[in-house]
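An overview of the molecular structure
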Amino acid sequence: METNRRMTRSGLCLMVVMLAVLTAPTTTQKPALDDFSVSVPDAPITAWSGSSVSLPCELSPLFNAEPLEVRWYRSENSYSPALLYKDHKIQEAPVDPRYRVRVSLTGGLERGNVSLTLERVTLEDRGEYVCRVSSEQWFDKASVFLTVNVLGSIPVLSVAEARGGGGQVNVTCSSEGWSPQPKLSWKNKEGTEIRNEQEVLNTSDPQGLVNVSSWLLYAPSYSDWLACTVSLSEEAKREGRILPHTYTAPTAAPGVYKEAFIVTLILLVLSLVIICALCSVILWKRRGSMWSSSQKSRNRSDQTELGQRLAETKNLIEGEENTIPRPTDQRAAGKEVNLEETKNLIQGAENTIPRPTDQRAAGKEVNLEETKKRLEGAENTVPTPPKQKAAGKELNLEGAPLGAETTVKTPTEHIASGKEVNLKDWHQVKGFKENIILDEKTAHPAIRVFQRKRARYIKEKDTENPSVRMHLHVFSQESFSSGRHYWEVKDQSTKKLSWYVGVARENVERRSTVPLTPQNGFWILSYDKEKGFHVNTDPQPPITVAELARVGVFLDCDRHTLSFYNVDTESLLYTFTDVKTSNYLPVFSPGQRDRFSIRII
């Protein structure tokens, strides 16, 4: 009996202990809001410029943070936070405008994770961030440090003679645009790092980026190259190579300068003799041509005079023939023909004709047959206009065949005939300018088109209309499938808040649920007052330009490239290198946050 009682008591104790163990987690899931702490990593968080990053922060112990207030801010600006979560939602104000639409809480508040996600990181985002969580009875905070990495330019190397000689050369290496400060190292052809007698200099530019340079004294070589490497890590690095030697002019042996002077003098004398001989030949030919032209003019005058005499002789013969009475006339008149008298009249007429012998006596030798042949030959050598046309030549009174001027190609025609276009040369690409006209039929209902060149946003009343849920832009009437084309767009006001321009694929999807990406047939340059200038790639590279009033757009259909230019500075902003479709349509959007227009010029 006593044994049974002891066993019963032991069983009851065991049950009490088990009940306490089972109920313990239930009491610790909801700790008091006046007893918690904030936990963040000790090491800095690193992100690349243009990417997204998460700044970790969570409660300890872990519990639902939705009823609490979460505030993320820069250490120097606590009154204007990057993000403020309060009353179960993210507050619109007061917040720092630099972080608007770029920050969010993505860790899961219900699990006690209040981490901050920052998108499109810029160099200005680097520094200290404070995570502050508070309730009505308690608060705690901790700091997270963000480092932004920027990959600099490829190192530029040069070689110069070292001061003081010594048989060495001074090799210089420089690279720009790094963040944070990079490491610079020298290596030889075998990959061995060189540490002797090198200097490294780091300087900062106005944007806060680091420029690094170094120089090294090294023995000259024509085969063993040197490598200069600038790196942030093993994966993020740039390298340049060079052969460490300088060009030296060969030294002349004694007496060579004197011999060279003599040879040069002889060559000069020979050149003068040749020039004089050529001048003499030219003068002799000119004199001969002048003499032949004078002879030709004399022959022409003799031929003219001979022709006149022949005409006079012909007229005299015809006149004398008319004075001889014909036998038929005499018979008709009732007279007998006297042949003897007629013979005498004919002989008298012949005596009146000047004979060649008479001309020879006057000092002129005349050959009628030869003169006739010369005249006929001269006539045959003169090409008449009908003969020139029959030969396929057009007569030009200015002395040149018509159409000769069309053989001269303009610079634009020369480029279009296949010459490569330099995309960085704005003066070269603007030669392909097109007259672009907006197609009002393709405009969004909230866009008003003026004079076929200007587009402006107007407020749409019927927001439930399905057409309103389309991307807000308008296409041009022109479409392109080949060749090169250029046009310009001007921002009518510096107060505009947003716009975008570019090209789109024909029959592209216009619903607003379809993103404006190259995969969906859009290649555009956008502007947003808060985001700045960017293109629609992933990731979106920032375009550093202070002001962009006029945008130039150059489309090369054959090489599948689309380039954007700052017309005011005549500089290239960005180039899409894989714009492939069968037909291209220029696209324009005036944005929807203001009523200032954009215009095609």
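Anything mentioned here points back to the structure above.
An account of the accompanying structure is given in this report. Along each chain, residue indices are assigned from 1 in the same order as the chain's sequence is written. Only residues with pLDDT of at least 70 are given local features in this predicted model, and only at 80 or more are side-chain atom pairs given and counted; all residues enter the totals for whole chains, interfaces and linings. Side-chain figures throughout are based on the complete set of non-hydrogen atoms in the structure, without hydrogens or water.

**Looking at the overall build of the chain**
Where we set the bar: Runs of E in the DSSP output that reach at least two residues are strands. Runs of H or I that reach at least four are helices, and both are numbered from the N terminus. To sort residues, take the accessible area from a 1.4 Å probe on protein chains only and compare it with the maximum for the residue type: under 20% means buried, over 50% means exposed, and anything in between is partly exposed. Contacts were defined at the residue level, with two residues in contact if any of their heavy atoms lie within 4.5 Å. Reported accessibility uses the Shrake-Rupley method at a 1.4 Å probe radius. Residues are deemed covered only where the shown protein chains occlude them.
When you go through the chain residue by residue, the secondary structure sums to 9 helices and 31 strands. For the chain, the residues scored as buried account for 33% of the 601 residues in total. Considering only contacts in the chain between residues 6 or more positions apart, those separated by 24 or more positions represent 61%. Of the accessible surface of the chain, which amounts to about 38,800 Å², a share of 54% is contributed by carbon and sulfur atoms.

**So, empty space enclosed by the protein**
In plain terms, the rule: The method works on a 1 Å grid over the protein atoms by themselves. A cavity is a set of points holding a 1.4 Å probe that cannot get out, a pocket is an open set with protein on both sides within 12 Å along at least five of seven lines, and residues with an atom within 4 Å of a point line them. Grid points are joined across faces, edges and corners, and a volume is the space filled by probe spheres set on the points. All residues other than Ala, Val, Leu, Ile, Met, Phe, Trp, Tyr, Cys, Pro, Asp, Glu, Lys and Arg, Gly among them, are scored as polar; the first ten of these are nonpolar and the last four charged.
As enumerated under the stated definition, the model contains 1 cavity of 30 Å³ or more in all. Looking at the largest cavity, its volume works out to about 50 Å³. Every residue along the wall of the largest cavity is listed here: Val489, Lys490, Asp491, Trp499, Val501, Leu548, Ala549, Val551 and Ile598. Secondary-structure elements contributing two or more residues to the lining of the largest cavity are strand E23 (484-491) and strand E24 (498-505). The element contributing the most residues to the lining of the largest cavity is E23, with 3 residues. A breakdown of the residues in the lining of the largest cavity according to their chemical character gives 7 nonpolar, no polar and 2 charged.

**Some thoughts on the sheet that holds strand E29 (residues 571-576)**
Threshold: Pairing between two strands requires that DSSP report at least two bridges joining them. Helix axes are fitted only over the stretch in contact, all axes being lines through C-alpha atoms; the angle between N-to-C directions runs from 0 to 180 degrees.
Taken in spatial order, the 7 strands line up as E20-E21-E31-E23-E27-E28-E29 in an open sheet, and their pairing is antiparallel. Strand pairing shows two members of the sheet lacking a second neighbour, strand E20 (447-450) and E29, which therefore form its edges. This sheet shows a mean twist of 25° between the axes of neighbouring strands, independent of strand direction. Of the pairings in the sheet, the one linking strand E21 (residues 454-457) to strand E31 (residues 598-600) comprises 2 bridges and is antiparallel in character. Paired with Ala455 across the two strands is Ile598, which belongs to E31.

**Quick notes on the pattern of salt bridges**
Put simply, the rule is: By salt bridge we mean one thing: a side-chain nitrogen of Lys or Arg within 4 Å of a carboxyl oxygen of Asp or Glu.
Applying the stated rule across the entire model yields 14 salt bridges. A salt bridge links Lys237 to Glu234; its shortest N-O distance comes to 3.3 Å. Across the salt bridge formed by Asp594 and Lys496, the nearest N and O atoms sit 2.8 Å from each other. Residue Asp594 is located in the loop between strand E30 (584-589) and E31, and its partner Lys496 is located in the loop between E23 and E24; the two are separated by 98 residues in the primary sequence. When its relative accessible area of 8% is taken as the criterion, Asp594 is described as buried. One salt-bridge network, held together by shared partners, links Arg484, Asp556 and Arg559.

**Notes on the environment of Asn211**
Test applied: Two N or O atoms form a polar contact when they lie within 3.5 Å of each other; inside protein one atom must be a possible hydrogen donor and the other a possible acceptor, and for residues adjacent in sequence the pair counts only when both atoms belong to side chains.
Within the secondary structure, Asn211 sits in strand E17 (residues 210-218). Spatially, the C-alpha atom of Asn211 lies 9.1 Å from that of Ser179, the residues being 32 residues apart in sequence. In this structure, Asn211 is in contact with Ser175, Glu176, Gly177, Leu201, Asn202, Thr203 and Asp205, ignoring residues within four places of it in sequence. Engagement of the side chain of Asn211 in a polar contact is seen with the backbone nitrogen of Gly177, the distance being 3.2 Å.

**Some points on the nonpolar core**
Counted only if it meets this: Definition of nonpolar core: a set of buried residues of the types Ala, Val, Leu, Ile, Met, Phe, Trp, Tyr and Cys, connected through side-chain atoms within 4.5 Å.
Ranked by size, the top nonpolar core spans 36 residues in total, and within it Trp487, Leu562, Phe564 and Phe588 carry the most contacts. For Leu562, the residues in contact, after removing those within four places along its chain, are Val503, Trp523, Val553, Phe554, Leu555, Tyr574, Thr575, Phe576 and Val579. Counting 34 residues, the second largest nonpolar core, distinct from the first, contains Val53, Phe63, Ala82 and Val114.

**Considerations on the sheet that holds strand E15 (residues 193-194)**
Across the sheet, which stays open at both edges, the 4 strands sit in the order E15-E14-E18-E19 with antiparallel pairing between neighbours. The open sheet has two edge strands with one neighbour each: E15 and strand E19 (237-242). With 2 bridges joining them, strand E14 (residues 183-187) and E15 adopt antiparallel strand pairing. Paired with Lys187 across the strands is Glu193, a residue of E15.

**A word on the layout of surface pockets**
The probe, sized like a water molecule, is rolled over the atoms to show the empty space still left. By volume, the largest pocket amounts to about 1,000 Å³. Considering the residues around the largest pocket, the lining is formed by 32 residues, among which Thr122, Glu124, Lys531, Pro542 and Thr544 are closest to the centre. Within the residue set of the lining of the largest pocket, elements represented by two or more residues are strand E25 (522-528) and strand E26 (532-535). Of the residues forming the lining of the largest pocket, the biggest block, 3 residues, is contributed by E26.

**Topic: the pairing of E30**
Within a regular strand, the side chains alternate between the two sheet faces. Taken across its 6 residues, E30 has 6 buried, putting it largely inside the fold. Going residue by residue along E30, you find Tyr584, Pro586 and Phe588 tucked away on one face and Leu585, Val587 and Ser589 tucked away on the opposite face as well. Pairing geometry for strand E22 (residues 474-475) and E30, over 2 bridges, is antiparallel. Following the sheet pairing, Phe475 is matched in E30 by Val587.

**Points about the packing of aromatic side chains**
Under the convention used in this document: Ring pairs shown here join Phe, Tyr and Trp side chains whose ring centres sit within 6.5 Å, with only the six-membered ring taken for Trp; geometry is labelled stacked below 30 degrees between planes, edge-to-face above 60, and tilted in between.
In the structure shown here, the tally under the stated rule is 9 aromatic pairs. Look at Phe432 and Phe554: their rings are 5.9 Å apart centre to centre, the planes differ by 45°, and that puts the pair in the tilted class. You can see Phe432 sitting in the loop between helix H9 (426-429) and E20 and its partner Phe554 sitting in strand E27 (residues 550-556), a full 122 residues away along the chain. Taken individually, Phe432 and Phe554 each receive the classification buried, so the pair is uniform in this respect. Seen in terms of ring centroids, Tyr527 and Phe533 are 4.6 Å apart; in terms of plane orientation they differ by 35°. Their pairing is tilted.

**A word on unusual backbone geometry**
With an omega dihedral of -5°, the bond running from Ala93 to Pro94 counts as a cis peptide bond. Looking at the element boundaries, Pro94 is found in the loop between strand E7 (89-90) and strand E8 (103-105). Backbone torsion omega between Asp538 and Pro539 reads 0°, so that peptide bond is classified as cis. With respect to the element layout, Pro539 can be found in the loop between E26 and E27. One non-glycine residue with positive phi stands out, namely Gln451, at about 55°. With respect to the secondary-structure elements, Gln451 resides in the loop between E20 and E21. With a phi close to 60°, Asn507 is a non-glycine residue in the positive phi region. If you trace the backbone, Asn507 turns up in the loop between E24 and E25. Owing to a relative accessible area of 75%, Asn507 belongs among the exposed residues under this scheme.

**Here's the deal with the side chain of Ser476**
Along the chain, the position of Ser476 falls in the loop between E22 and E23. Overall, Ser476 belongs to the buried group, its relative accessible area being 2%. Among the polar contacts made by the side chain of Ser476, one reaches the main-chain carbonyl oxygen of Glu478 at a distance of 2.8 Å. Every residue in contact with Ser476, bar those within four places of it in the chain, is listed here: Ile436, Ile437, Leu438, Asp439, Leu585, Pro586 and Phe588.

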